[in-house]
Amino acid sequence: MIRLPRDQKRLGELAAAELTYAEPGATRHRLPPGYRPASRDARLGVGRTVFDRAVDGLLSWEMHRGAGLAVTASGPSAVDGAVVLLRWGIRPLGFLGPCRVVYQVDEPDRRGFAYGTLPGHPVRGEELFVVRIGPDGEARLAITAFSRPASLAARLGGPAGRKVQAIVTDRYVRALQRIAE
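Sequence order as written defines residue numbering, which begins from 1 separately in each chain. Side-chain atom pairs in this predicted model are given and counted only at pLDDT of 80 or more, local residue features only at pLDDT of at least 70, and totals for whole chains, interfaces and linings cover all residues. The basis for every side-chain value is the complete set of heavy atoms in the structure, and neither hydrogens nor water enter the calculation.

Engineer: Could you give an account of the overall build of the protein, with specific residues and numbers?
Structural biologist: Each helix is a run of H or I in the DSSP string that is no shorter than four residues. Each strand is a run of E no shorter than two, and both are numbered from the N terminus. A tally of regular secondary structure across the protein gives five helices and seven strands. In the protein, the succession of helices and strands from N to C terminus is α-β-α-α-β-β-β-β-β-β-α-α. The reference for a compact globule is 2.2 Å times residues^0.38; the radius of gyration itself is calculated from the C-alpha atoms. Expected size for 181 residues packed as a compact globule is a radius of gyration near 16 Å; at 16 Å, the protein falls within 12% of this value. Along the first, second and third principal axes, the C-alpha set of the protein runs to 50 × 45 × 25 Å. Each residue's exposure class comes from its accessible area (1.4 Å probe, protein chains only) as a fraction of the maximum for that residue type: buried when under 20%, exposed when over 50%, partly exposed otherwise. The 181 residues of the protein split such that 44% are buried. Contacts: residue pairs with any heavy atoms within 4.5 Å of one another. Pairs at least 24 apart in sequence give 59% of the contacts found in the protein among residues at least 6 apart. For the protein, the centre of its 27 positive side-chain charges and the centre of its 18 negative side-chain charges are spaced 8 Å apart. Positive charges come from Lys and Arg, negative ones from Asp and Glu, while His and the chain ends are left out of the count. Every charge is mapped onto a representative atom, which is NZ of Lys, CZ of Arg, CG of Asp or CD of Glu.

Engineer: Mind laying out helix H2 (residues 48-59), listing which residues take part and the relevant values?
Structural biologist: To estimate how far a helix should extend, the number of its residues minus one is multiplied by 1.5 Å. Given a rise of 1.5 Å per residue, twelve residues ought to cover 16 Å, and the 16 Å separating the end C-alpha atoms of H2 matches this to within 8%. At the exit of H2 stands Trp-61, carrying a positive phi of roughly 75°.

Engineer: Can you break down the packing of aromatic side chains residue by residue, with the values?
Structural biologist: Two rings from Phe, Tyr or Trp (for Trp, the six-membered ring) form a pair when their centres are within 6.5 Å of each other. A pair whose planes differ by under 30 degrees is stacked, one over 60 is edge-to-face, and the rest are tilted. Applying the stated criterion to the full structure yields seven aromatic pairs. Consider the rings of Trp-61 and Phe-113, whose centres lie 5.4 Å apart with planes at 70°: the pair is edge-to-face. Note that Trp-61 is positioned in the loop between H2 and helix H3 (62-66) and Phe-113 in strand E5 (residues 110-117), a separation of 52 residues in sequence. For the residue pair Trp-61 and Phe-113, the accessibility class agrees, reading buried in each case.

Engineer: Pulling in residues and values, what's your account of the sheet that holds strand E2 (residues 70-73)?
Structural biologist: What makes two strands pair is DSSP finding at least two bridges between them. Reading across from one edge, E1-E7-E6-E5-E4-E3-E2 is the order of the seven strands in this open sheet, with antiparallel pairing throughout. Each edge of the open sheet carries a strand with a single partner, namely strand E1 (36-46) and E2. Here the average twist between neighbouring strands, direction ignored, is 20°. Sheet topology places E2 next to strand E3 (residues 83-88); four bridges connect them, and they run antiparallel. Pairing of Ala-70 across the sheet is with Arg-87, part of E3. Packed on one face of the sheet, helix H1 (residues 6-14) meets E2, E3 and strand E4 (95-107) and runs near 135° to E3. Angular values range over 0 to 180 degrees, each being the angle between N-to-C directions of two axes fitted as lines to C-alpha atoms, with helices fitted over their stretch in contact. Its contacts with the sheet put H2 on E1, E5, strand E6 (123-133) and strand E7 (138-149), and the angle it makes with E5 is roughly 20°.

Below you can see the structure in the form of structure tokens.
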């Protein structure tokens, strides 16, 4: 018998798990009421090469790794249905964020994906990451999310939990800027 690392085993268990929120895909259009919205838009650089590097870094989970998260994913890229465990901090402390990719954005000048939370994530909700390139050649990262606490710790954390989310978002932006250079 092959023994899987703990996170790989957890991925298998989460493959059939239901999302922890009722509005999958809502980051495409209008964010649902009852959640805390968040958004960020950041410049990555100029040119198709910058755009392509950023897309590769995003879809291969490198942005998440570059932000300081440990990533265990069901596959090498963020495709529909992929399951990912994101860990921030050192085991057994820190945060574990299980998610599933709920849709992809695959247009010539816009690429990315959205993932939704699975059981065990401290919040419920969805986060969309899109890299786009404008007519002027400027490449940008847009992050759109909605969430609310899912655990007692997240509820008790209140403003501290929101600060952690802001820190992680800042790290995503910096990581993708480095990758795209």
